[in-house]
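Examination of the molecular architecture
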Amino acid sequence: MQAILALEDGTVFAGRAFGARGERWGEVVFNTAMTGYQEILTDPSYCGQIVVMTYPLIGNYGINREDFEAKKSYVRGFVVREECDRPSNWRASYRLSDFLAREGVVGISGIDTRALTRHLRNQGTMRGVLSTECHDPALLVEKAKQCPHLTGQELVPEVATKEIYTLEGKGYRVVLIDLGSKLNIIRHLRERDCEVVVVPPTTTASEILALNPDGILLSNGPGDPVDVPYAIRTTRELIGKRPMFGICLGHQVIALALGAKTYKMKFGHRGANHPVKDLATGKVYITSQNHGFAVDAGSLAGLPVEVCHRNLNDGTVEGIRHKHLPLFSVQYHPEASPGPRESAYLFDQFIDLMQRRK
């Protein structure tokens, strides 16, 4: 069956449909990782987006039951050069196409993903429509032009927990403000024997403090950080009350709560090999990233924070640290472990902040 991907600027790609059938719209972005498609498909931060994989062969090791980052997929569409429908891996439980069909994700294969990626790099991410139902390119382009922009959509409530729940541990109690948290964040905290209390993004500061946490972690999540004003307000009220650690969207929310600004990037950072320098030690880490917004470095001037991590590809802010209070955050994903596990030291630093407070 044919599938068509149409972009708002009139660019159209035709290929073969796999996964679910139907029509989906979203922001079209690309990811440069060679592996990890299962984690990408189940990362809540991709809610509202159609993901293009730059590596040409996807699906060759199937889908397993252990590597999910959420209970379901929030990706709108999935674009690959070649889809492997006969996976070979001892951990595989089912095929990629079966998983997409179950999750309602429309897939398209057989297109030139290199050309599409170069186009998005040159022109920037844009809205698109992926359809197995309509084969009229002009009509799909018009639909893409009418799609909502990513900014302004309430995506966080779609992926975050609706109620408080606790994962027991014998160590420090950490309140995780769920903006669309990946399960690996919880796994890292529990590896350090933390008791994790996961709360909805609308939970107030007083409700969080009533839980008597030793520390507070703001998770990753989808969309524009200015679209979660309630989380920014809560974070502002919590700063200085407990040690705080922010990851990805949580990092941007902390920056906004401190008075900084964020901006939308041309095509974002999405991949598993982005070099980031820890300015305190001079060490460079290979990181996993997934974000289309960043903290404006100029807006940090005059604030009681310092940039502690920098992206070595484009110099963007990858981490900030408060000069006086136990608070820090990073733009990338230290929990993702795209091969290297070296960025896990940031969780140890968070534990150390809670230990010092005790």
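Each remark here, short or long, concerns the structure printed above.
Residues numbered from 1 in each chain as written. Predicted model: local features only at pLDDT ≥ 70, side-chain atom pairs only at ≥ 80, totals over all residues. Heavy atoms only, no water.

Focus on unusual backbone geometry
One non-glycine residue, D193, adopts positive backbone phi at about 65°. Relative to the helices and strands, D193 resides in the loop between α6 (183-191) and β12 (195-199). Assessed through its relative accessible area of 37%, D193 is described here as partly exposed. Look at N212: it is not a glycine, yet its phi comes out positive at around 55°. (Helix = DSSP H or I, 4+ residues; strand = E, 2+ residues; numbered from the N terminus. Buried < 20%, exposed > 50% of the residue type's maximum accessible area, 1.4 Å probe, protein only.)

A look at the packing of helix α8 (residues 229-238) against helix α9 (residues 249-258)
Packing of α8 against α9 leaves a shortest axis separation of 8 Å and a crossing angle of 65°. It follows from the interaxial angle that α8 and α9 lie roughly perpendicular. The two elements α8 and α9 cross, and the hand of that crossing is right-handed. On α9, the residues that touch A231, I232, T235 and R236 of α8 are V253, I254, L256 and A257. Of the residues assigned to the contact of α8 with α9, the class counts are six nonpolar, one polar and one charged. (Axes fitted to C-alpha atoms, helices over the stretch in contact; angles between N-to-C directions. Parallel < 35°, antiparallel > 145°, perpendicular 65-115°, else oblique. Left-handed = near helix turned anticlockwise from the far one by under 90°. Contact = heavy atoms within 4.5 Å. Nonpolar A, V, L, I, M, F, W, Y, C, P; charged D, E, K, R; others polar.)

Some words on the pairing of strand β2 (residues 12-19)
Remember that side chains alternate between the two faces of the sheet whenever the strand is regular. Summarising the sheet, strand β1 (residues 2-7) and β2 pair through five bridges and their orientation is antiparallel. Counterpart to L5 in the pairing with β2 is F13. (Pairing = 2+ DSSP bridges.)

Thoughts on the sheet that holds strand β18 (residues 317-322)
If you trace the 10 strands from one edge of the open sheet to the other, you get β10-β12-β11-β13-β14-β19-β18-β17-β15-β16, paired in mixed fashion. Looking at the sheet topology across the chains shown, the edges are occupied by β10 (165-167) and β16 (284-295). Between one strand axis and the next, the sheet turns by 25° as a mean value, whatever way the strands run. Sheet topology places β10 next to β12; three bridges connect them, and they run antiparallel. Its bridge partner lying in β12, T166 is registered against V197. Contacts between helix α10 (residues 345-357) and the sheet are confined to β11 (173-177), β13 (215-218), β14 (244-247), β15 (262-278), β16, β17 (305-311), β18 and β19 (327-330), with β19 contributing the most and set at about 165° to the helix.

A word on the packing of aromatic side chains
Summed over the entire model, instances satisfying the criterion amount to seven aromatic pairs. Consider the rings of F245 and F328, whose centres lie 4.5 Å apart with planes at 20°: the pair is stacked. Taken together, the residues span a long stretch of sequence, with F245 in strand β14 and F328 in strand β19 at a distance of 83 residues. Judged by centre distance (5.6 Å) and plane angle (85°), the rings of F245 and F347 are edge-to-face. (Phe/Tyr/Trp six-rings, centres within 6.5 Å; stacked < 30°, edge-to-face > 60°.)

Some words on the sheet that holds strand β6 (residues 77-79)
Taken together, the seven strands give a closed barrel; going around it, the order is β1-β2-β8-β6-β4-β3-β9, and neighbouring strands pair in mixed fashion. Sheet twist, expressed as the average angle between the axes of neighbouring strands with direction ignored, equals 35°. One ladder, built from five bridges, connects strand β3 (residues 23-31) with strand β4 (residues 49-53); its direction is parallel. Of the residues in β4, the one forming a bridge with E27 is Q49. On the sheet, helix α2 (residues 96-103) packs against β2, β6 and β8 (106-109) and is oriented at approximately 90° with respect to β2. Its contacts with the sheet place helix α3 (residues 113-123) against β1, β2, β3, β4, β6 and β9 (126-131), and it is angled at close to 80° to β3.

By themselves, these are just geometric observations and shouldn't be taken as functional.
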